[in-house]
Amino acid sequence: MDKVGIGIIGCGNISGAYLKAMASFPILDIRGIADLNHALAEAKASEFGVSARSITDLLADPDIEIIVNLTIPKAHVEVGLRILDAGKHAYSEKPLGINFAEGKKLADAAKAKGLRIGAAPDTFLGGGHQTARTLVDQGVLGQPVGGTATFMCPGHERWHPNPDFYYEVGGGPMLDMGPYYLTGLVDLLGPVAQVAGFAIAPRKKRLITSEPRNGEFIPVDVATHVAGVMAFENGAVVQVGMSFDVAGHKHLPLEVYGTEGTLIVPDPNHFGGEVQLLKKGGAFEVQDLSSPYADGNYRSIGVADLAHAIRSKRPHRANGDLALHVLEVMEAFQTAAGSGQTVAITTRAARPAALSESLVDGQLAR
């Protein structure tokens, strides 16, 4: 199968994980990376043995079919539209956009141009999560009843060198971490129908304790503690908690409940992890992982799957419909908090095809 030319725009913290993981997928041919800060692109290019190029040059390169957009969230749609205008498929770091209207603009533009869009997270394609997906598909839980999704920490200003964007519009725990949890749940349970929620911002500014800006305060423009409930189309009701204001807790990241059992799903920010199943009347038992990509950080498997899908003319898994649906659900928590009413979700995303085998040289092979 012919390789697919890849360009990357955005050379911040996350780009290293993408560049490292892309080496795992022979179909991906990195043709260059770019950033508004060209010195940053040159440094990253030197580290990974690729070419640093200008954004204009990447967009104009006829040998590049997919451009991976790793810019900050508020630039995702603007850059994504430039990628589509250049006639290339666009794959974005999460979230798809900073609000549903922006995300829909990007999705509509892709459909009008006959191009594909995709978006992180792709961690749901990891071996831990696909093992959980297999168990759900086998019906071991019986009728899905509910679950919990929990991410709570004291905030990213503890470790990120430039954490401002986490507290700007487009940031916050729901848009930053919510995509991992909600995408994983949609993969397991299907689309969300309604949302109820509350959202607060206990502090108006945050103290950076990471270097090099230790001691600097930054303003907070978004809710930093969000709690609520998602009602899925299949009838399941899942409690959600996302926070940058919690010192510590003992909740597991993801639990899924059914009439016949309970499933402990690994941290959705990772590809592997322990899967536990309790069948009614029994005890929790660790499950053997039945799918690949559980032994490392494969942050770019969504890009590789998109590349294979282009060559094979099939749907890709981390697709625009899924990302747009998750974006609408995340925004609905804030809308529900402001209105005091439940919010009906207008989009529906089909569950992506399961990934139980490896992406190798254009074939699905064990």
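Here, the structure is the one placed above.
Here is a short report on the structure shown in this document. What you are looking at is a predicted structure, and each value in this text was computed from that prediction instead of being measured. (Residues numbered from 1 in each chain as written. Predicted model: local features only at pLDDT ≥ 70, side-chain atom pairs only at ≥ 80, totals over all residues. Heavy atoms only, no water.)

Here we look at the overall build of the chain
Item 1. Scanning the chain from terminus to terminus reveals nine helices and 18 strands.
Item 2. When the backbone C-alpha atoms are referred to their principal axes, the chain occupies close to 60 × 50 × 40 Å.
Item 3. Considering only contacts within the chain whose residues lie at least 6 apart along the sequence, 72% involve residues at least 24 apart.
Item 4. Element-wise, carbon and sulfur atoms account for 53% of the exposed surface of the chain, whose accessible area totals about 15,100 Å².
Item 5. Taking the average place of the 32 positive charges on the side chains of the chain and the average place of its 39 negative ones, the gap between the two points comes to 2 Å. (Helix = DSSP H or I, 4+ residues; strand = E, 2+ residues; numbered from the N terminus. Contact = heavy atoms within 4.5 Å. Areas by Shrake-Rupley, 256 points an atom, 1.4 Å probe, with all protein chains shown as cover. Lys, Arg positive; Asp, Glu negative; His and termini not counted. Charge placed at Lys NZ, Arg CZ, Asp CG, Glu CD.)

Brief notes about empty space enclosed by the protein
Item 1. Within the structure shown, the criterion is met by two cavities of 30 Å³ or more.
Item 2. Here the largest cavity is characterised by a volume of approximately 80 Å³.
Item 3. Lining the largest cavity are 15 residues, and of these A120, P121, T183, A323 and V326 sit closest to its centre.
Item 4. Among the secondary structure elements, those contributing two or more residues to the lining of the largest cavity are helix 7 (172-189) and helix 9 (320-339).
Item 5. Ranked by residues supplied to the lining of the largest cavity, first place goes to helix 9 with five residues. (1 Å grid on protein atoms, 1.4 Å probe; cavity = no way out; pocket = protein on both sides within 12 Å on 5 of 7 lines; lining within 4 Å. Points joined across faces, edges and corners; volume = space filled by probe spheres on them.)

Points about the pairing of strand 14 (residues 276-279)
Consecutive side chains along a regular strand alternate between the two faces of the sheet.
Item 1. Looking at chain direction, strand 13 (residues 261-265) and strand 14 are connected through four bridges and run antiparallel. Considered in strand 14, the bridge of G261 is made with K279.
Item 2. Count of turn residues in the strand 14/strand 15 (residues 284-286) antiparallel hairpin: four residues, of which G281 carries a positive phi of about 90°. (Pairing = 2+ DSSP bridges.)

Quick word on the sheet that holds strand 4 (residues 89-92)
Item 1. Reading across from one edge, 2-1-3-4-5 is the order of the five strands in this open sheet, with parallel pairing throughout. Among the strands making up the open sheet, the edge pair consists of strand 2 (28-34) and strand 5 (117-119). Strand-to-strand, the axes of this sheet are offset by a mean angle of 20°, without reference to chain direction.
Item 2. Packed on one face of the sheet, helix 1 (residues 15-22) meets strand 1 (4-9), strand 2, strand 3 (66-69) and strand 4 and runs near 155° to strand 2. (Axes fitted to C-alpha atoms, helices over the stretch in contact; angles between N-to-C directions.)

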